[in-house]
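Here are the chains, one letter per residue:
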Amino acid sequence: MSSIIDAGFVKAFAKLCDDAYNKGWHERNGGNLSYRIKDEELKPYLSQLSFDGEFKPIGVTVENLKNEFFLVTGSGKYFQNVKADIENNVAIIEIDESGSAYRIVWGLASGGVPTSELPTHLINHSIKKEKTNGLHRVIMHSHPANTIALTFVLPLDSKVFSRELWEMMTECPIVFPRGVGVLPWMVPGSADIALKTAERIKEHDVIIWAHHGVFCSGADFDETFGLMHTVEKAAEILVKVLSCGGKRQTMSADDISSLSGPYKVNINTDYLK
Ligand code: 2HA
Ligand code: ZN
């Protein structure tokens, strides 16, 4: 039987970590990634999991995630090392029957615990599972430099950020039609950041954490990486535009909303007023 290391979802997880590291978004142990595994993906490998670990409290209750399995990066682990040594840098965790505890069933072979942002990831998975009828499975948190830079110069306002990023590239309103949610600085890994992010993720797939990074949700690895990439590229263009003395012309609100029909997206017109 093939090893779980060769499973498609494990390889795709490792590829995302590697690609994101190579983008420069994951210095040292920065950032974290989690994936809600499909039953049929895990089924062939159940005999390679270990079910005798103890359940530990998550710190929050995520009832609709009970008995689900997640592949998550380890706390203090480096994205840089995931591809070469996945077994020591990531874990598969199982959520218990009550949705309030987890245990490691595979991975972190030489010890460790899941990402410090585990409660944030799980609360947000819970909301996205409900809001998207189970479609969203990936949550990614990165430290992309240009988006972080903008949190020092733009007002920390979702409407302003969304409009500025949308204007930077025609694809942006199509890729993130609901805009981005922006949150003020908060302690990483805290209950506060988890709950405030959860409020905003009901409306948006992208949340910007001021002076820290980006938290985003998507259906699969490609879509989630692509979303992070699009936001960061728009931010990079805006940094260049601001460095060149600012905009001389741009897309109008009407231009942006005219994309909704042909591209079959529902662009948030509240952010265009
Ligand atoms: O280092 O990025 O937000 C992990 C993090 C915490
Ligand atoms: Zn971070």
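Shown above is the structure to which this text applies.
No experiment lies behind these values; they were computed from the predicted model shown.

Trainee: What's the story with the coordination of the zinc ion (ligand 2) in this structure? I'm lost.
Mentor: Around a metal, the idealised angle for a tetrahedral arrangement of four donor atoms is 109.5 degrees; for an octahedral arrangement of six donor atoms it is 90 or 180 degrees. The zinc ion (ligand 2) binds to the protein through His141 (NE2), His143 (NE2) and His212 (NE2); the donor distances cover 2.0 to 2.1 Å. Binding-site remark: the zinc ion (ligand 2) is held by donors from one chain whose sequence spacing is H-x1-H-x68-H. Note that histidine 141 is positioned in strand β6 (residues 138-142) and histidine 212 in the loop between β8 (206-209) and β9 (213-218), a separation of 71 residues in sequence.

Trainee: How should the pattern of salt bridges be read in this particular structure?
Mentor: Opposite charge on two side chains lets them pair, provided their charged atoms get close. This structure, assessed with the given rule, holds 14 salt bridges. Taking the shortest distance from any N to any O, the salt bridge between arginine 178 and glutamate 203 comes out at 3.8 Å. Residue arginine 178 is found in the loop between α8 (172-175) and β7 (180-183), and its partner glutamate 203 is found in the loop between α9 (191-201) and β8; the two are separated by 25 residues along the sequence. Judged by its relative accessible area of 29%, arginine 178 is partly exposed. Bridged by salt links that share partners, the residues Arg163, Glu164, Glu167 and Lys247 form one connected network.

Trainee: What is the right way to look at the packing of aromatic side chains in this model?
Mentor: Aromatic rings considered in pairs are described by the distance between their centres and by the relative angle of their planes. One pass over the full model with this rule turns up seven aromatic pairs. Between tryptophan 166 and tyrosine 271, the ring centres sit 6.3 Å apart and the planes meet at 45°, which makes this aromatic pair tilted. Placement of tryptophan 166 in helix α7 (residues 158-167) and of tyrosine 271 in the segment after α12 (260-263) is noted, with a sequence separation of 105 residues between them. For the pair formed by tryptophan 166 and tyrosine 271, the shared burial category is buried. These aromatic residues form a ring-pair network of at least three members: Phe9, Phe13, Tyr35 and Phe221.

Trainee: What am I meant to see in the side chain of histidine 204 here?
Mentor: Relative to the assigned elements, histidine 204 resides in the loop between α9 and β8. A distance of 3.3 Å separates a polar atom in the side chain of histidine 204 from the backbone oxygen of arginine 178. Setting aside chain neighbours within four positions, we find histidine 204 in contact with Lys128, Arg178, Gly179, Val180, Gly181 and Tyr271.

Trainee: Help me understand the sheet that holds β9, please; the structure alone is not making it clear to me.
Mentor: Sheet strands line up and pair through hydrogen bonds in the backbone, either parallel or antiparallel. Pairing within the open sheet is mixed, and its nine strands lie in the order β2-β5-β4-β3-β1-β6-β9-β8-β7. Looking at the sheet topology across the chains shown, the edges are occupied by β2 (56-57) and β7. Inspection of the sheet shows strand β3 (residues 69-73) paired to strand β4 (residues 90-95) by five bridges, in the antiparallel sense. Of the residues in β4, the one forming a bridge with threonine 73 is valine 90. Contacts between α7 and the sheet are confined to β7 and β8, with β7 contributing the most and set at about 135° to the helix.

Trainee: Looking at this model, I keep getting lost on unusual backbone geometry. Mind explaining?
Mentor: Here the phi dihedral of histidine 211 falls at roughly 60°; this positive angle occurs in a residue that is not glycine. Residue placement: histidine 211 occurs in the loop between β8 and β9. A positive phi angle, near 55°, is found at lysine 264, a position not held by glycine. Its place among the elements puts lysine 264 in the segment after α12. A relative accessible area of 76% means that lysine 264 is categorised as exposed.

Trainee: Could you clarify how one ought to interpret the site of ligand 1 in this entry?
Mentor: Residues in close proximity to ligand 1 include Asn29, Gly30, Gly31, Asn32, Glu117, His141, His143, Pro188 and His212, which together make up its full environment. One of the side-chain N or O atoms of glutamate 117 is found 2.6 Å from an oxygen atom in ligand 1. For ligand 1, the protein covers 85% of the area, taking 220 Å² as the surface of the free molecule. In a pocket analysis with a 2 Å cut-off to the grid points, ligand 1 is assigned to the second largest pocket. Among the residues forming the shell around ligand 1, the class breakdown is one nonpolar, seven polar and one charged.

Trainee: Looking at this model, I keep getting lost on α9. Mind explaining?
Mentor: Note that an α-helix has 3.6 residues per turn; residues three or four places apart therefore point the same way. Looking at α9, one finds that the buried residues are Ile193, Ala194, Thr197, Ala198 and Ile201. For α9, the angular spread of buried residues about the axis comes to 130°, placing them on one side. Of the residues in α9, the exposed ones pointing more than 90 degrees away from the buried face are Ala191 and Glu199. Considering only its buried residues, α9 is in contact with α5 (118-131), β7, β8 and β9.

Criteria and cut-off values
Chains are numbered independently. Their residues run from 1 in the order of the written sequence. Lettering of chains starts at A and numbering of ligands starts at 1, both following the order in which they are written. In keeping with the model being predicted, local features are shown solely for residues with a pLDDT of at least 70 and side-chain atom pairs are shown and tallied solely at 80 or more, while totals for entire chains, interfaces and linings include all residues. Just so you know, side-chain values use all the structure's heavy atoms and leave hydrogens and water out. Any N, O or S atom lying within 2.8 Å of the metal counts as a donor, and for Na, K and Ca the limit rises to 3.2 Å; water is left out, so some sites can look incomplete. Under the scheme used here, helices are H or I runs from DSSP no shorter than 4 residues and strands are E runs no shorter than 2 residues, and both carry numbers assigned from the N terminus. We define a salt bridge as a contact between a side-chain nitrogen of Lys or Arg and a carboxyl oxygen of Asp or Glu at a distance within 4 Å. Three labels apply to residues, based on accessible area from a 1.4 Å probe with only protein chains included: buried if under 20% of the type maximum, exposed if over 50%, partly exposed otherwise in between. Aromatic pairs are defined between Phe, Tyr and Trp rings, using the six-membered ring for Trp, whenever the two ring centres lie within 6.5 Å; interplanar angles under 30 degrees are classed as stacked, those over 60 as edge-to-face, and all others as tilted. Two N or O atoms form a polar contact when they lie within 3.5 Å of each other; inside protein one atom must be a possible hydrogen donor and the other a possible acceptor, and for residues adjacent in sequence the pair counts only when both atoms belong to side chains. Contact between two residues is taken to exist if any of their heavy atoms lie within 4.5 Å; hydrogens are not considered. Any two strands with at least two DSSP bridges between them are considered paired. Lines fitted to C-alpha atoms define the axes here, with helix axes fitted over just the stretch in contact, and angles between the N-to-C directions of these axes take values from 0 to 180 degrees. We call a residue near a molecule or strand when any one of its heavy atoms sits within 4 Å of it. The Shrake-Rupley method, run with a 1.4 Å probe, gives the accessible areas here. Residue values count only the displayed protein chains as cover. Any residue with an atom within 4 Å of a point lines the site, the site being either a cavity, points on a 1 Å grid over the protein atoms alone where a 1.4 Å probe fits but cannot get out, or a pocket, an open set with protein on both sides within 12 Å along at least 5 of 7 lines. Criterion for pocket placement: a molecule counts as inside a cavity or pocket if more than half of its atoms are within 2 Å of its grid points. Classes in brief: Ala, Val, Leu, Ile, Met, Phe, Trp, Tyr, Cys and Pro nonpolar; Asp, Glu, Lys and Arg charged; the others, Gly included, polar. Regarding the arc, it is the one traced by the directions from the helix axis to the C-beta atoms.

Shape is all these values report; function is a separate question.
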